[in-house]
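Listed below are the residues making up each chain.
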Amino acid sequence: MYTLNLNQMTQQEFLDEYWQKKPVVIRQGFKDFVDPIAPDELAGLAMEEQIESRLVHKKDGQWQAAFGPFDSYEHLGTQDWSLVVQALDNFSEEAAEIIEPFRFIPHWRLDDIMASFAMPGGSVGPHIDNYDTFICQGSGKRHWRVGNNGEHVEFAAHEALLHVEAFESIIDVELETGDILYIPPGFPHEGISLDTSMSFSVGFRGNSAVSVLSAFADHLIDNEKGSQLLTDPDRQVVSHSGEVSNNDYASIKSQVQNLLDDDASFKAFTGQFLTAAKHDLDTLLPDEPFEMEEVSNLLNSHAIKRLGGLRAFYFEDTIEQGLCYINGTELQFSSDIANGVKLLCDNVMLTPNAMSEWSHNVAFVELATELLNQGYWYLAEAE
């Protein structure tokens, strides 16, 4: 288990002073940090089809980038290249543990863990991200420069690489094992490996209004909602046929606004949208389906652990009505087990002690059986 040390700052002080405001270096944010995955294991993952990976290097002074899966790496030599793997938390339980210290930020804001292996001189180049990131330095050292936010010119250094033009740094540091660099969206930055190194970035995303509205439109289409035509039975004669009157404009706007104001519908969409998996999930389906009686007994002897990368959320005002959202789907359950479902959504792992109140509750055991059989939760040894 990783423990975050904010260097005399409380979590709220960090949020007040730095979150979404300015970058900061947190020296030894993770004391005694050990890489959760070895470089050869990371390279092996990047050879798999379902895993999003990227190689970045320079050839004859020009940036090159390629997307996985990869067959080999020998041709790249021993310097000036970097391997990046997205959503490592979906495929490595050990890497997913890095997320736990950051749960003072709501989990719906989480994007994923990105892992980077780099040879000396390896880098992905100077760039700007549109998400918050905590870059946790693993083995080795990297030199990081961070510029101020503002107007910066971006350009395509390669068809798969968006870089930013030269910037003046406000942070210029070497990160050593256990150091953390927090960078808000919009701040240009560049990291260059000083030796063979690993780093692990915990990213937090925000969605643009355009992406939410686009997804909402798809949701309405899929659920055959919002197809009612504008009606105007009390239409009055007009003398300017080319004019869109204020009343007509208000009617058109109201037609759209009513869809957003339907709280039950928009909340259902939001829950499904926020829990939809961005990357493939490595589901752990049981060899044989669990039976309820079996699960009831197992909850008393085993911990249950949530699949890495699985997103499970609830709204504070509908959880008591028996509604939550898991992996892009609205789930209904008995309102009597709302507190038990909160435990499932709030915690990655639940021990038999935490489950003692629920292990013999028929409604909860039925839900737990369903989730285990879907491969969303699985049995684990209690720590």
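Residues numbered from 1 in each chain as written. Predicted model: local features only at pLDDT ≥ 70, side-chain atom pairs only at ≥ 80, totals over all residues. Heavy atoms only, no water.

Quick look at the layout of surface pockets
Quick note on the threshold: With a 1 Å grid spanning the protein atoms alone, the term cavity applies to any set of points in which a 1.4 Å probe fits but cannot get out, the term pocket to an open set with protein on both sides within 12 Å along at least five of seven lines, and the term lining residue to any residue with an atom within 4 Å of a point. Grid points are joined across faces, edges and corners, and a volume is the space filled by probe spheres set on the points. To qualify as a helix, a DSSP run of H or I must reach at least 4 residues; to qualify as a strand, a run of E must reach at least 2; elements of each kind are numbered from the N terminus. Note on residue categories: nonpolar means Ala, Val, Leu, Ile, Met, Phe, Trp, Tyr, Cys or Pro, charged means Asp, Glu, Lys or Arg, and polar means any other residue, Gly included.
In this structure, the largest pocket encloses a volume near 920 Å³. In terms of lining, the largest pocket is formed by 40 residues, of which the most central are R54, M114, H127, D129 and Y131. At the level of secondary structure, the elements contributing two or more residues to the lining of the largest pocket comprise strand 2 (53-59), strand 4 (81-85), strand 5 (110-118), strand 6 (132-137), strand 7 (142-147), strand 9 (161-164), strand 12 (189-193) and strand 13 (197-204). Considering every element that reaches the lining of the largest pocket, the biggest residue donor is strand 5, with five residues. Residue composition of the lining of the largest pocket, grouped by class: 13 nonpolar, 18 polar and nine charged. If you trace the second largest pocket, you find 16 residues lining it, with R235, Q236, S245, N247 and D248 closest to the centre. Classifying every residue of the lining of the second largest pocket gives four nonpolar, seven polar and five charged.

Description of empty space enclosed by the protein
Considering all chains together, one arrives at two cavities of 30 Å³ or more under this definition. If you add up the space inside the largest cavity, you get close to 280 Å³. Lining the largest cavity we find 27 residues, and of these D89, L307, G308, G309 and L310 sit closest to its centre. Looking at the lining of the largest cavity residue by residue, the class counts come to ten nonpolar, five polar and twelve charged. Its volume calculated, the second largest cavity comes out at about 30 Å³. Contributing to the lining of the second largest cavity are I304, L344, A368, L371, L372 and W377. By residue number, the principal contributor to the lining of the second largest cavity is helix 10 (residues 362-373), which donates three residues.

Some details on the nonpolar core
Keep this limit in mind: What we call a nonpolar core is a set of buried Ala, Val, Leu, Ile, Met, Phe, Trp, Tyr and Cys residues that are connected through their side-chain atoms within 4.5 Å. Type-normalised accessible area, obtained with a 1.4 Å probe on protein chains alone, sets the label of each residue: buried when under 20%, exposed when over 50%, and partly exposed for intermediate values.
Of all hydrophobic cores here, the largest spans 45 residues; its most connected members are F14, I98, F102 and F134. Breaking this core down by element, the ones donating at least two residues are helix 1 (11-17), strand 1 (24-26), helix 2 (39-45), strand 4, strand 5, strand 6, strand 11 (180-183) and strand 13. One finds I304, I326, L331 and C345 within the second-largest nonpolar core, a separate group that totals 30 residues.

So, the packing of helix 4 (residues 209-222) against helix 6 (residues 263-275)
Between two packed helices, the angle of one axis relative to the other and the distance separating the axes together describe the packing. Formally: Convention adopted: a line fitted to C-alpha atoms gives each axis, helices being fitted over their contacting stretch, and angles between N-to-C directions are expressed from 0 to 180 degrees. Any angle between 65 and 115 degrees counts as roughly perpendicular, while under 35 counts as roughly parallel, over 145 as roughly antiparallel, and the rest as oblique. Crossing handedness is read from the near helix: turned anticlockwise from the far helix by less than a right angle, it gives a left-handed crossing, and turned clockwise, a right-handed one. Residue contacts are defined here by distance: any two heavy atoms, one from each residue, within 4.5 Å place the two residues in contact.
Where helix 4 meets helix 6, the closest approach of the two axes is 10 Å, and the angle between their N-to-C directions is 110°. Looking at the two axes, helix 4 sits roughly perpendicular to helix 6. When you trace helix 4 past helix 6, the crossing you get is right-handed. Within the contact between the two elements, helix 4 uses S211, V212, A215, F216 and H219 and helix 6 uses S265, F266, F269, Q272 and F273. Split into classes, the residues belonging to the contact of helix 4 with helix 6 amount to six nonpolar, four polar and no charged.

Remarks on the pairing of strand 6
Defined as follows: Strand pairing is defined by DSSP finding a minimum of two bridges between the two strands.
For strand 6, the buried fraction is high: six of the six residues fall into the buried class. Of the two faces of strand 6, the one lined by D132, F134 and C136 and the one lined by T133, I135 and Q137 are each fully buried. Pairing of strand 6 with strand 13 involves six bridges; the strand directions are antiparallel. In the sheet register, C136 faces strand 13, and the bridge partner there is F200. The pairing of strand 6 with strand 11 spans four bridges and is classified as antiparallel. Pairing of T133 across the sheet is with I183, part of strand 11.

Observations regarding the side chain of D112
Inclusion rule: Positive residues here are Lys and Arg, negative ones are Asp and Glu, while His and the chain termini are left out of the count. By salt bridge we mean one thing: a side-chain nitrogen of Lys or Arg within 4 Å of a carboxyl oxygen of Asp or Glu. As used in this structure description, the phrase polar contact means that two N or O atoms lie within 3.5 Å; if the pair is within protein, one of them must be able to donate a hydrogen and the other to accept it, and residues adjacent in sequence are counted only when both atoms belong to side chains.
Along the chain, D112 falls in strand 5. Here D112 is buried and forms no salt bridge, its nearest opposite-charge partner K278 lying at an N-O distance of 5.3 Å. A distance of 3.0 Å separates a polar side-chain atom of D112 from the backbone nitrogen of A87. Setting aside its immediate chain neighbours within four residues, D112 contacts Q86, A87, D89, S201, V202, G203 and H279.

Here's the deal with the environment of D111
Tracing the sequence through the fold places D111 in strand 5. Relative accessible area serves as the criterion here: at 13%, D111 is assigned to the buried category. Those residues in contact with D111 that lie beyond four places of it in its chain are G203, F204, R205, K278 and R311. A distance of 3.1 Å separates polar atoms of two side chains, one belonging to D111 and the other to K278.

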